[in-house]
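# Notes for the structure review
The chain contents come next:
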Amino acid sequence: FFQEVLRQNLSILNFLDSDFTLVNQRLAEFYGIEGVEGEEFRRVELKPEHQRGGVLTMGGLLTYLADGTRTLPVRRGAFILEEIFNDPPPPPPPNAGEIQPNVQGENLTVRERLERHRNDSTCASCHAKIDPLGLALENYDAIGAWRTVQNGEGFRANRAPPIDASGTLPGGREFTTPKEFKQALLAEKDRFTRAFTEKLLTYSLGRPVGFTDSATIEEVTRAARENEYGLRAMIEAIVVSEPFLTK
């Protein structure tokens, strides 16, 4: 997917949401996309009913951000904060504890268990920022398959509660579905572009970026905005920058 964005000089906003993805037959079947045969990955156009687009709804990433049986919204939310906004949450305090699965006699959704966890004042401040981002992806189960009701963790199909993926971004934008969530992320594209620039520059320079790199970060983000957020434009701006030429 990254290679396609780079080769075609597409907008980096495709990492947040896109009308295409790259699949082979096995992945296409998992996504419910028809007409793909063979092991070779190829670009396919997405329809709304596929419920995909961008990186955050890719099955591989969603599986990585789960444990095989549970979706782990905290892990997913922390990933979004760190990788999309370059704003990693602080490590939990030593006494924070874990988000426990349902025990016998309980039938709580993960949202309800997180609400219980946030009752602890030592956990509330960070989880208020993390949880809505992770819960926004609750329509994707522990292996990234689309679902509209809870599955796993002891929920019976005929009694499974519907998924509630609603929430609010740290900036105040509200959403109720994964599609609206991605639209909310796109509304903060300048924040994402700056975060993407910082990470791309870190990779390019082989070191963390700091205050002295502020001018370069501004130059690269400006180049992105002026070139429809094209990935090549960002790379070219980095390559001709003083920190890169003198590293």
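Residues numbered from 1 in each chain as written. Predicted model: local features only at pLDDT ≥ 70, side-chain atom pairs only at ≥ 80, totals over all residues. Heavy atoms only, no water.

## Overview of the overall build of the protein
Operational definition: Only DSSP runs of H or I reaching four residues or more are called helices, and only runs of E reaching two or more are called strands; each is numbered from the N terminus. Burial here depends on accessible area, computed with a 1.4 Å probe over protein chains only, as a share of the maximum for the residue type. Under 20% is buried, over 50% is exposed, and the range in between is partly exposed. The contact criterion used throughout is that any non-hydrogen atoms of two residues lie within 4.5 Å. Residue-level accessible areas treat just the shown protein chains as cover; the underlying method is Shrake-Rupley with a 1.4 Å probe.
Helices and strands together make up the secondary structure of the protein, namely 11 helices and four strands. The burial tally for the protein puts 45% of its 247 residues in the buried class. For the protein, restricting intrachain contacts to residue pairs at least 6 apart in sequence, the fraction spanning at least 24 positions comes to 58%. Accessible area for the protein stands at about 13,300 Å²; split by element, carbon and sulfur atoms hold 51% of it.

## Things to note about the packing of helix H9 (residues 214–226) against helix H10 (residues 231–239)
Our working rule: Comment: axis = line fitted to C-alpha atoms, over the contacting stretch for helices; angle = value between 0 and 180 degrees taken between N-to-C directions. Here the angle decides the label: under 35 degrees means roughly parallel, over 145 means roughly antiparallel, 65 to 115 means roughly perpendicular, and every other value means oblique. A clockwise turn of the near helix away from the far one marks a right-handed crossing, whereas an anticlockwise turn of less than a right angle marks a left-handed crossing.
Interhelical geometry of H9 versus H10 gives an angle of 150 degrees and a closest axis separation of 8 Å. Judged on the interaxial angle alone, H10 and H9 are roughly antiparallel. Helix-helix and strand crossings are classified by hand; for H9 and H10 the assignment is right-handed. In this structure, H9 uses Val220, Ala223 and Ala224 to contact H10, whose residues at the interface are Ala233, Met234, Ala237 and Ile238.

## A look at the packing of helix H8 (residues 189–205) against H9
Stated precisely, the cut-off is as follows: Charged means Asp, Glu, Lys or Arg here, nonpolar means Ala, Val, Leu, Ile, Met, Phe, Trp, Tyr, Cys or Pro, and polar covers whatever is left, Gly included.
Contact geometry of H8 with H9 gives a least axis separation of 9 Å together with a crossing angle of 125 degrees. When the axis of H8 is compared with that of H9, the two are oblique. Read as a crossing pair, H8 and H9 show a hand that is right-handed. Where H8 abuts H9, its residues Asp190, Thr193, Arg194, Thr197, Glu198 and Leu201 lie against Thr216, Ile217, Glu218, Val220, Thr221, Ala224 and Arg225. Taken together, the residues of the contact of H8 with H9 sort by class into four nonpolar, four polar and five charged.

## Here we look at the packing of aromatic side chains
In plain terms, the rule: Think of it this way: a Phe, Tyr or Trp ring, Trp meaning its six-membered ring, pairs with another when their centres are within 6.5 Å, and the plane angle makes it stacked under 30 degrees, edge-to-face over 60, tilted otherwise. Lysine and arginine charges are scored as sitting over a ring when NZ or CZ, respectively, is within 6 Å of the ring centre and within 35 degrees of the ring normal.
All told, the structure shown has eight aromatic pairs when counted by the stated rule. Clustering of aromatic rings is evident, with ring pairs tying together Phe1, Phe2, Phe15, Phe20, Phe192 and Phe196. In this structure, Arg43 packs its charged tip against the face of Phe20, placed 3.9 Å from the ring centre. The ring of Phe85 has Arg191 sitting right over it, with the charged end atom 3.9 Å from the ring centre.

## A closer look at the pattern of salt bridges
What counts is decided by this rule: Salt-bridge detection follows one rule: a side-chain nitrogen of Lys or Arg within 4 Å of a carboxyl oxygen of Asp or Glu.
For the structure on display, the rule yields 16 salt bridges. Its salt-bridge partner being Glu4, residue Arg43 comes within 3.0 Å of it at the nearest N-O pair. Remark: Glu4 occurs in helix H1 (residues 2–7) and Arg43 occurs in strand E2 (residues 42–45); sequence separation between them is 39 residues. You can call Arg43 partly exposed: its relative accessible area is 34%. Of the charged contacts, one joins Asp87 and Lys129 as a salt bridge, the two residues approaching to 2.7 Å between their closest N and O atoms. Highlighted residues: Asp87 in the loop between helix H4 (73–84) and helix H5 (110–117) and Lys129 in helix H6 (residues 121–135), separated in sequence by 42 residues.

## Some words on the nonpolar core
As a rule of thumb, nonpolar side chains are buried together in soluble globular proteins. As a reminder of what qualifies: Residues belong to a common nonpolar core when they are buried Ala, Val, Leu, Ile, Met, Phe, Trp, Tyr or Cys residues joined through side-chain atoms within 4.5 Å.
Grouped together as the largest cluster of nonpolar side chains are 41 residues, with contacts concentrated most on Ile12, Phe181, Phe192 and Phe196. Ranked by the residues each element gives to this core, the list is headed by H8, at five residues. Once residues lying within four places of it in the same chain are set aside, the contact partners of Phe196 are Phe2, Ile12, Phe15, Leu231 and Met234. With seven residues, the next largest nonpolar core counts Ala28, Val36, Val44 and Leu46 among its residues.

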